[in-house]
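Structural overview for review
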Amino acid sequence: MHGKVLLIDPIATNRIVLRVKLAASHYHMAQAASVAEAMQVMAQDLPDLILCATDLPDGDPLRLLNRMRKAGLAGKVPMIALSGCDDNAERLRLLAGGIDDVMQKPINDALLLARTRSIIRAYATASEWTLREGTSRALGFAEAATGFAPDQSVRIIARDGAKAEPWAAALTHRMSARISFARPATAVADLEPGRAPDALLLIVEPNEGPQMLQLLATVRSQASTRHCAILGVIGSDDMTLGAQMLDMGANDMMRNTRTTDEMALRLEALLNRKRVTDALRDTVKSGIEAAVIDPLTGLHNRRYAMPHLSRIAERAARTGKPYAVMVADMDHFKRINDTMGHAAGDAVLIETARRLRENLRAVDLIARIGGEEFLIVLPGAGLSNARKAAKRLCNIIEATPFDVPDQATQVNATMSIGMTVVDPARGAKTSVPHTPETLLDRADRALYGAKAEGRNRVTLDRPAA
């Protein structure tokens with residue numbers, strides 16, 4: 001499943017229609033007919049997204065958000081309000097109150113699914129950075145946050161400067177961010193090094209869809225602009241284009257018939273989220289590398305890995321999502337050191353780390369925890385996917401010989417992997433997470449089995465439910 005979505009609507013027919021649409025895209029669905037019922041559902045299992053009708057028998061989306069704040073859930077679950085009328089004042093009230101988006105019924109299917117994917121992806125990324133920042137604080141390396149917030153900037157991208165000027169003038173009076181303008185052809189090329197804007201406002205005119213999609217792809221592919229927040233402004237008839245832009249990395253979308261008040265609210269929300277995410281990213285990256293990075297391979301070391309594994313286990317215990325823990329060990333590594341020298345052994349370890357890192361996801365944990373031993377953790381991976389990933393890593397190590405410095409020959413090497421999988425869905429769900437030491441011991445026992453069975457293979461310890 002891609003995630004869990006909670007549908008809140010007093011009309012059963014509406015819930016059924018939305019449930020069918022989202023379930024067809026592999027979302028796990030939960031339902032409620034009121035604020036009170038929704039809080040009961042969330043007390044059992046927290047969703048990844050809430051779709052909430054604006055006309056509930058005991059309140060509205062803001063009342064639900066207030067209840068969530070009191071329960072300590074605000075900020076953890078995004079919410080889209082589904083409105084039955086095109087009421088500008090109501091939409092602004094909801095956005096200003098903290099609702100992530102307001103979509104008007106009847107809702108375009110493609111846009112709804114794209115918005116769902118976009119919001120869940122954004123919150124998952126923020127959650128991952130929060131998790132990593134928590135690990136840094138547990139290690140004692142994070143600095144206390146300061147109250148200083150640097151000036152932020154918004155660049156309006158439009159082909160016609162005359163049409164963009166009213167937007168720019170109105171935003172200047174509504175926001176503290178600096179507003180600038182550029183045309184699509186030069187939007188990225190003329191940026192000064194290190195001076196990327198915090199947000200891009202893409203105003204899409206008729207027949208400009210392909211050009212804006214290409215620009216969006218360029219923005220997301222370049223290191224200097226990869227983390228820019230992006231708000232797309234499209235025509236009322238361009239819902240398919242809006243869905244494409246969201247799937248390609250736009251953070252938010254609105255129609256060009258809306259007010260500058262709404263545009264300012266959406267931009268401020270995006271800028272606030274970016275400010276928080278940037279701060280989390282900086283906290284993780286600054287000041288801790290020397291203490292938690294293995295100097296030979298550039299991977300994390302045991303000091304970082306064990307607290308981070310503990311947090312992954314804690315989150316999995318809360319959410320019920322699976323994860324896999326692997327211990328990978330180079331086969332006959334002592335033979336390489338003895339016959340070719342320690343420089344050759346170091347070269348093999350460095351290249352092994354590079355291959356592992358390039359073939360795992362950004363959210364996965366990989367660390368060197370011993371001489372030739374690596375810890376790999378795959379959040380969200382069940383048994384089948386974890387087994388495939390482990391076998392793929394073994395094949396990658398075996399397939400290509402390793403270069404050895406100052407020697408004309410190459411050396412062949414293989415890797416054995418012991419693995420355990422924690423999957424609460426396959427057993428009794430518990431709020432008590434597995435300890436890092438227990439998980440490491442399970443994976444170690446499986447690794448011994450792989451060595452005993454001939455090496456260069458993956459062995460599974462019994463799943464830890």
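Relevant structure appears above.
Residues numbered from 1 in each chain as written. Predicted model: local features only at pLDDT ≥ 70, side-chain atom pairs only at ≥ 80, totals over all residues. Heavy atoms only, no water.

What to know about the packing of aromatic side chains
Any pair of aromatic rings gets described here by the distance separating the centres and the angle formed by the planes. Under the criterion given, the structure shown has 0 aromatic pairs. Across the ring face of F402, the terminal group of R355 is positioned such that the distance to the ring centre comes to 4.0 Å. (Phe/Tyr/Trp six-rings, centres within 6.5 Å; stacked < 30°, edge-to-face > 60°. Lys NZ or Arg CZ within 6 Å of the ring centre and 35° of its normal.)

With respect to the sheet that holds strand β10 (residues 252-255)
Across the sheet, 5 strands lie side by side as β7-β6-β8-β9-β10; this open sheet has parallel pairing. Strands with a single pairing partner mark the edges of an open sheet, and in this sheet they are β7 (178-182) and β10. Between one strand axis and the next, the sheet turns by 20° as a mean value, whatever way the strands run. As judged from the 5 bridges shared by strand β6 (residues 153-157) and β7, these two strands associate in the parallel manner. If you follow I157 over to β7, its bridge partner there is A182. Lying on the sheet, helix α6 (residues 161-174) is in contact with β6, β7 and β8 (199-203); it crosses β7 at an angle near 175°. (Pairing = 2+ DSSP bridges. Helix = DSSP H or I, 4+ residues; strand = E, 2+ residues; numbered from the N terminus. Axes fitted to C-alpha atoms, helices over the stretch in contact; angles between N-to-C directions. Contact = heavy atoms within 4.5 Å.)

Overview of helix α14 (residues 383-399)
The first and last C-alpha atoms of α14 sit 24 Å apart over 17 residues, in line with the 24 Å expected at 1.5 Å per residue. Looking only at α14, the buried set comprises A386, A389, A390, L393, C394 and I397. Projected onto a plane normal to the axis of α14, the buried residues spread over an arc of 135° and lie on a single side. Pointing more than 90 degrees away from the buried face of α14 are the exposed residues N385, K388 and A399. On the buried face of α14, the contacting elements are β12 (323-330), α13 (342-358), β14 (373-379), β15 (402-403), β17 (415-422) and β18 (458-460). (Expected span 1.5 Å × (residues − 1). Buried < 20%, exposed > 50% of the residue type's maximum accessible area, 1.4 Å probe, protein only. Arc of directions from axis to C-beta.)

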